[in-house]
Amino acid sequence: MASKRPGNRGQKRAHKVANRQRRRSATSDATDRQIASLLGRFDEWLRDQGPSVPTAPTTRVVRSILGGLDQALDDFDPTGWTPDAAHVVLDSAEGILERDDSDSSAAAADHLVASASDYLDFLIDTDAWTGSDEDLEHCLGDFDDFLGGDVELLTPDDIDLPTVAPAAIAKAIDDLPLAAALDRLIAWAQGSPAVNAREVATALGVDVPASRFQGPGDVPELADMWTAAQDARLVQATPDGAVTLPDASAFRDRDPDVTARALASFVAARLTPVDGADAVTTVARHFAAQTVLAAMTPEPPVRNDEEDYSDLEDDDREVAEAIRDVVGRFVDDAILVGGQTLAVVPELRAAVHAGVVTSGLFTDEEP
């Protein structure tokens, strides 16, 4: 006799997931096109609000928010949010604050929520809102309750850079792990080797799974260094293999201008927004930029790289760990130093500042 008990929960869950994937596949292209169109109009709307604040940081965050909501919610409508959409955004913001109670954390969380609120204001102002008045009031009310005041984000213009002798700058950069790593890449490129992830990993002495069928930019442990070496005009990939460029010799001699450019390129590689990145990745890079800028002010950020996030909910833990990863790599590279707080030493600040600017996080043009 056949059992009358409900089917296996795992089978039911798999069936629901399959149905959801089929629905999403059928509508994803149309939703992607709709989001792309909305983002273009949103950026124009932001520009019309006033010329004093760059629009790109907010537009990038909203792009990630919309993509994340489309993945997280069934039948998500970019122009008709439900309270569930607002709650997903707020959960991500709360995850940032769970990391620590520093000003940098608060600024990153506020930026996320304020960007979502700005997007809803755009839909209202342009008559593009298609949801109910009740849902709109609920979402905006939740965002207002979270923000409770003006958002104060640091920008590169807020940083006062000290005057430091060029020789001292070159010496400080020479002390970084970055300098030795770039020296190894330059020495490796002089042999015109094939350019692939396995070759670059071997050259850098990085123990990471890497294949000759991968590009170095496809392996996170290699991508930033490889990008920095190319952007700093030290090495170049050609169809015949890697080659060194004229500035490679100047770098090995620790020319102050070339070494500063290399550090700036490395910082920019760590922070530059990634096309198609999810909200977690985008928020983590914006948070890291806030931390780096704050580390060059009289009120440096708190160091929390050993915080235990095992008790957080899955989404909150993902955000907190992504932030710790990006900031922690700056610590590992001795760009951020300190005990209870983090700082960028004066000799490195001009180059690090240039890298933050070059990242494009604070400009209206894509880097």
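Residues numbered from 1 in each chain as written. Predicted model: local features only at pLDDT ≥ 70, side-chain atom pairs only at ≥ 80, totals over all residues. Heavy atoms only, no water.

**Concerning the side chain of S359**
To be explicit about the condition: Helix numbers and strand numbers start at the N terminus; a helix is a DSSP run of H or I with at least 4 residues, a strand a run of E with at least 2. For each residue, the accessible area found with a 1.4 Å probe, counting protein chains only, is set against the maximum for its type, and the residue is called buried under 20%, exposed over 50%, and partly exposed in between. N or O atoms within 3.5 Å of each other form a polar contact, as long as, within protein, one can give a hydrogen and the other can take it, and as long as residues adjacent in sequence are counted only when both atoms are side-chain atoms.
Note on placement: S359 falls in the segment after helix 14 (346-358). Residue S359 is classed as buried on the basis of its relative accessible area of 0%. In terms of polar contacts, S359 uses its side chain to reach the backbone carbonyl oxygen of V356, at 2.6 Å.

**Overview of the packing of helix 6 (residues 166-174) against helix 11 (residues 256-271)**
Stated precisely, the cut-off is as follows: Lines fitted to C-alpha atoms define the axes here, with helix axes fitted over just the stretch in contact, and angles between the N-to-C directions of these axes take values from 0 to 180 degrees. Any angle between 65 and 115 degrees counts as roughly perpendicular, while under 35 counts as roughly parallel, over 145 as roughly antiparallel, and the rest as oblique. In this scheme, a crossing is called left-handed if the near helix is turned counterclockwise away from the far one by less than a right angle; it is called right-handed if the turn is clockwise. Should any heavy atoms of two residues lie within 4.5 Å, those residues are counted as being in contact. Throughout, the ten residues Ala, Val, Leu, Ile, Met, Phe, Trp, Tyr, Cys and Pro are labelled nonpolar, Asp, Glu, Lys and Arg are labelled charged, and all others, Gly among them, are labelled polar.
Viewed as axis vectors pointing N to C, helix 6 and helix 11 meet at an angle of 45 degrees, and their least axial separation amounts to 9 Å. Relative to helix 11, helix 6 is oriented oblique. By crossing handedness, the relation of helix 6 to helix 11 is classed as left-handed. Residues P166, A170 and I173 of helix 6 touch helix 11, and the partners they reach there are P256, T259, A260 and L263. Tallied by class, residues from the contact of helix 6 with helix 11 come to 6 nonpolar, 1 polar and no charged.

**Some words on the nonpolar core**
For clarity, the threshold we go by: Residues belong to one nonpolar core when they are buried, are Ala, Val, Leu, Ile, Met, Phe, Trp, Tyr or Cys, and are joined through side-chain atoms within 4.5 Å.
In this structure, W81, Y119, L120, L185 and L263 are the most contacted members of the largest nonpolar core, which totals 104 residues. If sequence neighbours within four positions are ignored, L120 has contacts with W81, W129, L136, C139, L140 and F143.

**Some points on the pairing of strand 2 (residues 241-244)**
Filter applied, for reference: Strand pairing is defined by DSSP finding a minimum of two bridges between the two strands.
Pairing of strand 1 (residues 235-238) with strand 2, which is carried by 4 bridges, proceeds in the antiparallel orientation. Paired with V235 across the bridge in strand 2 is T244. Counting the residues that bridge the hairpin from strand 1 to strand 2 gives 2 residues.

**Things to note about the packing of aromatic side chains**
Stated formally: Two rings from Phe, Tyr or Trp (for Trp, the six-membered ring) form a pair when their centres are within 6.5 Å of each other. A pair whose planes differ by under 30 degrees is stacked, one over 60 is edge-to-face, and the rest are tilted. Whether a charge lies above a ring is judged from NZ of Lys or CZ of Arg, which has to be within 6 Å of the ring centre and within 35 degrees of the ring normal.
Summed over the entire model, instances satisfying the criterion amount to 9 aromatic pairs. With 6.0 Å between their ring centres and 75 degrees between their planes, W188 and W226 make a pair best called edge-to-face. Linking W188 in helix 7 (residues 177-189) with W226 in helix 9 (residues 220-231), this pair joins segments that are 38 residues apart in sequence. One exposure class covers both W188 and W226, and it is buried. By way of ring pairs, the aromatic residues F42, W45, F76, W81, Y119, F122 and F143 are connected into one cluster. It is R254 that lies over the ring of F251; its NZ or CZ is 4.8 Å from the centre. The residue whose ring lies beneath R270 is F330, and the NZ or CZ to ring-centre distance is 5.8 Å.

**Digging into helix 6**
Put simply, the rule is: The directions from the helix axis to the C-beta atoms are what the arc is built from.
Looking only at helix 6, the buried set comprises I169, A170, A172 and I173. Take helix 6 and look down its axis: the buried residues cluster within an arc of 160 degrees, on one side only. Residues of helix 6 that are buried make contact with helix 7, helix 11 and helix 14.

**Re the pattern of salt bridges**
Stated formally: In what follows, salt bridge is the name for a side-chain nitrogen of Lys or Arg lying within 4 Å of a carboxyl oxygen of Asp or Glu.
In the structure shown here, the tally under the stated rule is 9 salt bridges. Note that D174 and R254 form a salt bridge whose closest N and O atoms lie 2.8 Å from each other. With D174 in helix 6 and R254 in the loop between helix 10 (247-252) and helix 11, this pair connects stretches of sequence that are 80 residues apart. Judged by its relative accessible area of 33%, D174 falls in the partly exposed class. In this structure, D183 and R254 form a salt bridge, with 2.6 Å as the shortest nitrogen-oxygen distance. Placement of D183 in helix 7 and of R254 in the loop between helix 10 and helix 11 is noted, with a sequence separation of 71 residues between them. Connected via shared salt-bridge partners are D224, R270, D325, R329 and D333.

**Side note on the packing of helix 11 against helix 14**
The packing of two helices is summarised by the inter-axis angle and the distance between the axes. Between helix 11 and helix 14, the least distance of the axes is 7 Å, while the angle of their chain directions is 45 degrees. By the criterion of interaxial angle, the relationship of helix 11 to helix 14 is oblique. Pair helix 11 / helix 14 crosses with right-handed handedness. Contact residues: A260, L263, A264, V267, A268 and L271 in helix 11; L348, A351, V352, A354, G355, V356 and T358 in helix 14. By residue class, the composition of the contact of helix 11 with helix 14 is 11 nonpolar, 2 polar and no charged.

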